[in-house]
Amino acid sequence: MKECAIKKIAVFTSGGDSPGMNAALRAVVRTAHHFNIECYGVREGYNGLINDDFTKMGPRSVKNIINQGGTILKSARSMEFKTSEGRKKAYDNLQKYGIDSLVCIGGDGTFTGAKIFSDEYPDIKVIGIPGTIDNDIFGTDNTIGYDTALNTAMDAIDKIRDTATSHNRVFFVEVMGRDAGFIALNSGIATGAVDILIPEQKDSMEDLFNNFRKSEISGKSSSIVVVAEGEELGGIYELAKSTKKEFPDFDIRVTVLGHIQRGGSPSCADRVLASRLGYGAVTGLMNGENKVMAGMRSNKLVYTPIVDAIRKHNAIDEELIAISEILAI
């Protein structure tokens, strides 16, 4: 470990909440304490920077939160921070407390704000921690919250299957994923979905109908279709309506899982990931890292330039798509 080049850290959560954010916060605060670095928590993300909502934090400030979903610091999207005047207010408040480093827990929008801010005020070092259930951030195999959201979706779909098979029904189940299909693809494979519709694939209604026809031929009496909210065929209700028109004998139901996927106690994998990344954020700053995101690749801590984390995205595994199609027979 190099000699510590930072004196005071501010940490905040921003954007959509994800299970494990509290575990990451806990790791940042306690790692900073271990290395005798003062740490401040900022409430409501960039709004807190602008509105001077800082709280000095120590090991006891983060007790009993590793198992809690959401974020005790609250989260918000800040329109004012998108203005130069708003960012100047944030900088002045950091100067007032003598804070020289920011740990930003969030996703694309959070990292974009951090990069712009650091470009304008280069004396403030920034490092990101990827906290989003979508798992679409480049530079890490998994993002904090993804594993928990995936297991929540899987558990819900398993329960839906019980009623689908009891009544010979077809269920369309919408999971989160406006721009990325990781939750849909993996939960669909895990629950034996007959079809999985994701933004990355250019699916057609005829493809969907053909899968239903194959299912009928193979003797399936009930089916689950997992749909990412960002698929481009018109939305889950239109999908159900079009399917009913094509197959009038189908007993069709629609379930939108919605924000239950964001909540709940984080899984073991998310708690460990968050702890490793929180530690890595602080030690990275101490070693001179700046304008980077801490991530895990092949079970190793890595640092990716924030500009790459913003511009690039994790790609869907084409082999997983092939597996989902083969196993759906």
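Residues numbered from 1 in each chain as written. Predicted model: local features only at pLDDT ≥ 70, side-chain atom pairs only at ≥ 80, totals over all residues. Heavy atoms only, no water.

A. Quick look at the overall build of the protein. Along the protein, the regular secondary structure elements total eleven helices and eleven strands. Dimensions of the protein, computed from the C-alpha atoms along their principal axes, are close to 70 × 35 × 30 Å. Burial status across the protein gives 53% buried among its 329 residues. Here the contacts in the protein between residues at least 6 apart in sequence split such that 77% fall between residues at least 24 apart. Side chains of the protein carry 38 positive and 43 negative charges; the gap between the two charge centres is 7 Å. (Helix = DSSP H or I, 4+ residues; strand = E, 2+ residues; numbered from the N terminus. Buried < 20%, exposed > 50% of the residue type's maximum accessible area, 1.4 Å probe, protein only. Contact = heavy atoms within 4.5 Å. Lys, Arg positive; Asp, Glu negative; His and termini not counted. Charge placed at Lys NZ, Arg CZ, Asp CG, Glu CD.)

B. Layout of the environment of D134. Relative to the helices and strands, D134 is located in the loop between strand 5 (125-130) and helix 5 (146-167). Residues D134 and A184, spaced 50 residues apart in sequence, show a C-alpha to C-alpha distance of 9.8 Å. Those residues in contact with D134 that lie beyond four places of it in its chain are G177, A180 and F182.

C. Main features of the packing of aromatic side chains. Throughout the structure, instances matching the rule amount to twelve aromatic pairs. Measuring from centroid to centroid gives 4.7 Å for F54 and Y97, while their planes differ by 25 degrees, and the two rings are stacked. One end of the pair, F54, is in strand 3 (residues 54-57); the other, Y97, is in helix 3 (residues 84-97), and 43 residues separate them in sequence. For F54, a relative accessible area of 11% puts it in the buried group. Given a relative accessible area of 22%, Y97 falls into the partly exposed group. Where F209 meets F247, the ring centres are 5.7 Å apart and the plane angle is 80 degrees; that geometry is what we call edge-to-face. In this pair, F209 is assigned in helix 7 (residues 205-218) and F247 in the loop between helix 8 (236-246) and strand 9 (251-256), connecting sequence segments 38 residues apart. When sorted by exposure, F209 lands in the same class as F247, which is buried. (Phe/Tyr/Trp six-rings, centres within 6.5 Å; stacked < 30°, edge-to-face > 60°.)

D. Representation of the domain arrangement of the protein. The domain architecture assigned to the protein consists of domain 1 (8-145 + 266-311) and domain 2 (147-262). With 13 residues of domain 1 in contact, the opposing surface of domain 2 contributes ten residues. Buried area between domain 1 and domain 2, summed over both chains or domains, comes out near 970 Å², and the portion from carbon and sulfur atoms is 52%. Of all residues in domain 1, D17, I133 and D134 bury the most surface against domain 2, accounting for 46% of the area lost on that side. Inspection of the domain 1/domain 2 interface yields zero salt bridges. Our count for the domain 1 to domain 2 interface comes out at eight residue pairs in polar contact (both at pLDDT 80 or more). Grouping the amino acids of the side of domain 1 that touches domain 2 by side-chain chemistry returns four nonpolar, five polar and four charged. (Domains from an automatic or database assignment. Buried area = accessible area lost by both parts, 1.4 Å probe. Salt bridge = Lys/Arg side-chain N within 4 Å of Asp/Glu carboxyl O. Polar contact = N/O pair within 3.5 Å; in protein donor to acceptor, adjacent residues only side chain to side chain. Nonpolar A, V, L, I, M, F, W, Y, C, P; charged D, E, K, R; others polar.)

E. Quick look at the packing of helix 5 against helix 6 (residues 182-190). Running from amino to carboxyl end, helix 5 crosses helix 6 at an angle of 45 degrees, the nearest separation of the two axes being 9 Å. Classified by the angle between their axes, helix 5 and helix 6 sit oblique to one another. Crossing of helix 5 against helix 6: the hand is right-handed. Seen from helix 5, the contacting residues are Y146, A149, L150, A153, M154 and I157; seen from helix 6, they are F182, I183, N186, S187 and A190. Classifying every residue of the contact of helix 5 with helix 6 gives nine nonpolar, two polar and no charged. (Axes fitted to C-alpha atoms, helices over the stretch in contact; angles between N-to-C directions. Parallel < 35°, antiparallel > 145°, perpendicular 65-115°, else oblique. Left-handed = near helix turned anticlockwise from the far one by under 90°.)

F. Fine view of the pairing of strand 1 (residues 8-13). Of all six residues that make up strand 1, six are buried, and the element is covered over most of its length. Two elements, strand 1 and strand 2 (residues 38-42), share five bridges in a ladder whose sense is parallel. The residue bridging A10 from the neighbouring strand is Y40, located in strand 2. In this region the chain leaves strand 1, passes through helix 1 (residues 21-34) and returns to the parallel neighbour strand 2; the handedness of that crossover is right-handed. Across five bridges, strand 1 lies against strand 4 (residues 101-106) in parallel orientation. When the bridges of strand 4 are listed, I9 appears paired with S101. (Pairing = 2+ DSSP bridges. Right-handed = clockwise from strand over helix to strand, strands pointing away.)

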